[in-house]
Amino acid sequence: MRVLVPLAIVTLIWSSTWLVIRDQIAVVPPTWSVAYRFAVGAITMMLYALVTRQTLRLPREGWAMAAIVGVTQFVLNFNFVYRAEHYVTSGLVAVVFALLVVPNAVFGRIFLGHVLTRRFIAGSAVAGLGIALLFIHELAAGTAGHAAVATGIGFTLMGVLSASTANVAQATDLAKRLPIVAVLAWAMALGAAMNAGWALLTVGAPSFDPRPAYAAGILYLGVVGSALTFPLYFGVVRAIGPARAAYSSVVIPVLAMALSTMFEGYRWSVLAASGGLLTLAGLVIALRARSPAR
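Bear in mind the structure is a predicted one, so any value in this text is a computation, not a measurement.

Before going further, it helps to examine the pattern of salt bridges. Where charged atoms from two side chains of opposite charge approach closely, those side chains can pair. In the structure shown here, the tally under the stated rule is two salt bridges. For Asp23, the salt bridge goes to Arg211, with nearest N and O atoms at 3.2 Å. Within this pair, whereas Asp23 is found in helix α1 (residues 4-24), its partner Arg211 is found in the loop between α9 (180-202) and α10 (212-240), the two being separated by 188 residues in sequence. Residue classification places Arg211 among the partly exposed positions, given a relative accessible area of 29%. Residues joined in a network through salt bridges with shared partners are Asp23, Asp209 and Arg211.

Structure representation (structure tokens):
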């Protein structure tokens, strides 16, 4: 239950964040939106640490871990994801992001010595075929243009690799010895600062969307979608490894695509449905392989 309950909470919340992110990119440059989100997340986590009397102190190696997670998870990953949603629907981004399990397992094999089984590799290949069908459907639909679809999926895949790096870092023996709240609080703070600095250099002074929905979205993504969920998720990663923790990636796209259909008018076809089903089936096959994260 210490694994299933956190995964269920993370799955339900992250299924909705894809749609909220879509609303965040209407007016404000993505990097500023990411900076606001993790500034709120960092403040929330620090307040939580103070209320619960948890330490925010980190040893020298802890600061290195916070920097790695800050750059890969809270700068690169989310900038890629926010930009991807400029080009394709939030549901499609969520489906492609479900491939997180593949680099998690591969990096786990390279850096942590985890085992990759034939069944895991076969399931990953099936999932890749499903993503290819979704890609073909988007190109055939022509709603966003071939270049836009390719760009959106490309940004998503780069986000997947960035997030996977942070996932595997959290599964190392070093990370397990560090207080997770302190690591993530400072990682979010560093991420917010780096995003703000990059935004100043590339798009200029801070801007803010005056719509109440934008402010509410920042609070939801910062408090619920970050400060609540990342400690839960990385706690699971530390407990069972990055490949097994990616179980949530199988369910999230189903809910995200349903929300995309309702709120973004995503149009399904036989090809798209087949691609989605193949992606999810492949991931289920891969994750049911015997002890891929052992």
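Moving on from the coordinates now.
This part covers the environment of Ser124. Checked against the element boundaries, Ser124 lands in helix α6 (residues 118-141). C-alpha of Ser124 to C-alpha of Thr261: the two residues are 137 residues apart in sequence and 26 Å apart in space.

Put simply, α1 and α10 touch, their axes get as near as 9 Å, and they point 150° apart. Judged by the inter-axis angle, α1 sits roughly antiparallel to α10. Where α1 crosses over α10, the handedness of that crossing is left-handed. Tallied by class, the residues present in the contact of α1 with α10 amount to 19 nonpolar, six polar and one charged.

Running from amino to carboxyl end, helix α3 (residues 60-84) crosses α10 at an angle of 130°, the nearest separation of the two axes being 14 Å. Between α3 and α10, the angle falls in the class oblique. Between α3 and α10 the crossing geometry is right-handed. Within the contact between the two elements, α3 uses Val69, Gln73, Phe74, Phe78 and Tyr82 and α10 uses Leu221, Phe230 and Phe234.

The next thing to look at is the packing of aromatic side chains. Following the criterion strictly, the structure yields 16 aromatic pairs and no others. Measuring from ring centre to ring centre gives 5.1 Å for Phe74 and Phe230, while their planes differ by 90°; the resulting arrangement is edge-to-face. One end of the pair, Phe74, is in helix α3; the other, Phe230, is in helix α10, with 156 residues separating them in the sequence. On the basis of relative accessible area, Phe230 is assigned to the buried category, the value being 2%.

Here is what the cut-offs are and how they apply
- Residues numbered from 1 in each chain as written.
- Predicted model: local features only at pLDDT ≥ 70, side-chain atom pairs only at ≥ 80, totals over all residues.
- Heavy atoms only, no water.
- Salt bridge = Lys/Arg side-chain N within 4 Å of Asp/Glu carboxyl O.
- Helix = DSSP H or I, 4+ residues; strand = E, 2+ residues; numbered from the N terminus.
- Buried < 20%, exposed > 50% of the residue type's maximum accessible area, 1.4 Å probe, protein only.
- Axes fitted to C-alpha atoms, helices over the stretch in contact; angles between N-to-C directions.
- Parallel < 35°, antiparallel > 145°, perpendicular 65-115°, else oblique.
- Left-handed = near helix turned anticlockwise from the far one by under 90°.
- Nonpolar A, V, L, I, M, F, W, Y, C, P; charged D, E, K, R; others polar.
- Contact = heavy atoms within 4.5 Å.
- Phe/Tyr/Trp six-rings, centres within 6.5 Å; stacked < 30°, edge-to-face > 60°.

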